[in-house]
Amino acid sequence: MPYYRVVGEIPRKRHVQFRRPDGGLYAEELMGEEGFTSDSSLLYHRHLPTAIIKAEAVTPTEATTLVPNLPLSPRHLRTQDLPTGGDLVTGRGLLAGNADVRMSYAATETPSELYRNSMGDECVYIATGRVRFESTYGVIEAGEGDYVVIPTGTIHRWVPQGRVTAFTIEAAGHIRPPKRYLSKYGQFLEHAPYCERDLRSPGEPLIVEGEEVPVLVRTRGGLTRLVYRNHPFDVVGWDGCLYPYAFNINDFEPIVKRTHAPPPVHQTFEGPNFVICSFCPRPLDFHPDAVPIPYNHHNVDSDELMFYAGGDYTARKGSGIDVGSISLHPAGFTHGPQPGAVEAVIEAVRQGHTQTSELAVMVDTFRPLDLGPAGLSVEDSAYAWTWAR
């Protein structure tokens, strides 16, 4: 993360004695990225974070096989038709993915067990509902429109407050703000569409008592359930630049031009070989002869997956796209507005329409996306032909 945080109690210097009230030592845990040459945080535990008493392999219950997008085709996946079940970890239905990133959808009311993803960072977009995110760093209260970014290796769980739906992006590396938004020392620059003030992270420690506590761990080798002698939520304080945080999509400040701007102006995060963009309500392009709608475009190096989170999608009217839909437009295919949409929006501007209302999360990948079983189970098979109607 771009800036340093301190939460709870910590000693004055790193790696010095820090004693509990009973005279024993707190146990340090250094969480560090890229071989401890990048961001890190120091956590101080009441008990040893290394003390496990059992380990067992876990067979995944969800279908995870990906298949190529063949024959090459644009796709429309209706997450609205996916069932409610499981939790925000084990209930994820795999929509699409590749070696760099996997995207899933979950709808649930059930708290998750403790979980640690040791394969990469996660970015979980809360589409509807409210949820309490608990971790070794503390608590984040999250709700509709929140991105929750979770560093690799963070032990955490999700506690929904009623029904929650979420679009999940799992990286094979780290998810960070785009470099062009940051100074060489890590501060958000003035041209960035959001800044440190918009980010929410845990504000105080979370202490939970418990013994023989299971934690589901995902690694490149598969799933393991480790049983810890003491509850991992025993951190009395931490400091550093590596921690989970939330950012609400409504705090993204759109960048606008007199004529239509390309998708990079919407970029919110970047990961290994992919970017995450936020499409938010914004003023329409204001050149007197502007065509205030996306032009037909072909991103020759990327597949584009779009989760339609809210609002009205004027450019896609007649395609079947609605709130909760996901479109996949692969490299090799040119896409754009539906027939008639360009003239319709020009006429709307003549009638005084001045702003978009769409809300969407887009993931552009620089390697082809394969299709997951959950996505294929709710595909609108007629979507590819809607431009020819």
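Numbering of residues starts from 1 in each chain and follows the order in which that chain's sequence is written. For a predicted model such as this one, the threshold for reporting local features is a pLDDT of at least 70, and the threshold for listing and counting side-chain atom pairs is 80 or more; totals across whole chains, interfaces and linings nevertheless cover every residue. Hydrogens and water molecules were not included; the side-chain quantities draw on all heavy atoms of the structure.

1. Examining the layout of surface pockets
In this model, the largest pocket occupies a volume close to 610 Å³. Of the two site types, the cavity is a set of points on a 1 Å grid over the protein atoms alone where a 1.4 Å probe fits but cannot get out, and the pocket is an open set with protein on both sides within 12 Å along at least five of seven lines, each lined by residues with an atom within 4 Å of a point. Arg282, Ile293, Pro294, Ala315 and Glu358 are, among the 37 residues lining the largest pocket, the residues nearest its centre. Secondary structure elements are taken from DSSP: a helix is a run of H or I of four residues or more, a strand is a run of E of two residues or more, and numbering for both begins at the N terminus. Among the secondary structure elements, those contributing two or more residues to the lining of the largest pocket are β22 (303–310), β23 (325–329), α1 (341–350) and β24 (359–365). Take the lining of the largest pocket: its biggest share by element is 3 residues, from β22. Approximately 420 Å³ is the volume found for the second largest pocket. Forming the boundary of the second largest pocket are 23 residues, of which Thr64, Arg102, Met119, Glu170 and Arg218 lie nearest the centre. When residues of the lining of the second largest pocket are traced back to their parent elements, those giving at least two are β7 (101–108), β14 (164–171), β16 (211–219) and β17 (222–230). With 3 residues, the top contributor of residues to the lining of the second largest pocket is β7. Grid points are joined across faces, edges and corners, and a volume is the space filled by probe spheres set on the points.

2. Let's talk about the UniProt feature "domain: Homogentisate 1,2-dioxygenase N-terminal" (unreviewed entry) in the chain
UniProt positions are given in the numbering used here, feature names are shortened, and annotations may be inferred rather than shown by experiment. The residues that UniProt annotates with the feature "domain: Homogentisate 1,2-dioxygenase N-terminal" (unreviewed entry) are residues 22–248. For residues 22–248, helix accounts for 0% and strand for 47%, while the C-alpha atoms at its two ends are 42 Å apart.

3. Structural notes on the sheet that holds strand β18 (residues 235–240)
Strands are labelled as partners when DSSP assigns at least two bridges between them. Pairing in this open sheet of 4 strands is antiparallel, and the strands run β1-β18-β3-β2 from one edge to the other. Two strands bound the open sheet, and with one partner strand each, they are β1 (5–8) and β2 (27–32). Across the sheet, the mean angle separating the axes of adjacent strands is 15° when strand polarity is ignored. Sheet topology places strand β3 (residues 40–45) next to β18; 5 bridges connect them, and they run antiparallel. By the bridge assignment, Tyr44 is partnered in β18 with Gly237. Helix axes are fitted only over the stretch in contact, all axes being lines through C-alpha atoms; the angle between N-to-C directions runs from 0 to 180 degrees.

4. Re the UniProt feature "domain: Homogentisate 1,2-dioxygenase C-terminal" (unreviewed entry) in the chain
On the UniProt side, "domain: Homogentisate 1,2-dioxygenase C-terminal" (unreviewed entry) is annotated at positions that read residues 274–387 here. Secondary structure within residues 274–387 divides into 13% helix and 25% strand; the distance between the first and last C-alpha atoms comes to 27 Å.

5. Details of the nonpolar core
Taken as a class, soluble globular proteins show a tendency for nonpolar side chains to be buried jointly. With 50 residues, the main nonpolar core has Tyr125, Tyr147, Phe167, Ile169, Phe269, Ile276 and Phe307 as its most contacted residues. Looking at which element gives the most residues to this core, the answer is β7, with 4 residues. Excluding anything up to four places from it in sequence, Ile276 contacts Cys123, Tyr147, Ile169, Ile175, His266, Gln267, Thr268, Phe269, Val361, Met362 and Val363. Definition used in this section: a nonpolar core is a set of buried Ala, Val, Leu, Ile, Met, Phe, Trp, Tyr and Cys residues joined via side-chain atoms within 4.5 Å. Using a 1.4 Å probe on the protein chains alone, a residue whose accessible area is under 20% of its type maximum counts as buried, one over 50% counts as exposed, and one in between counts as partly exposed. Formed by 19 residues, the second largest nonpolar core is a distinct cluster that contains Ala106, Phe133, Val148 and Ile150. Any pair of residues with heavy atoms lying within 4.5 Å of one another is described as a contacting pair.

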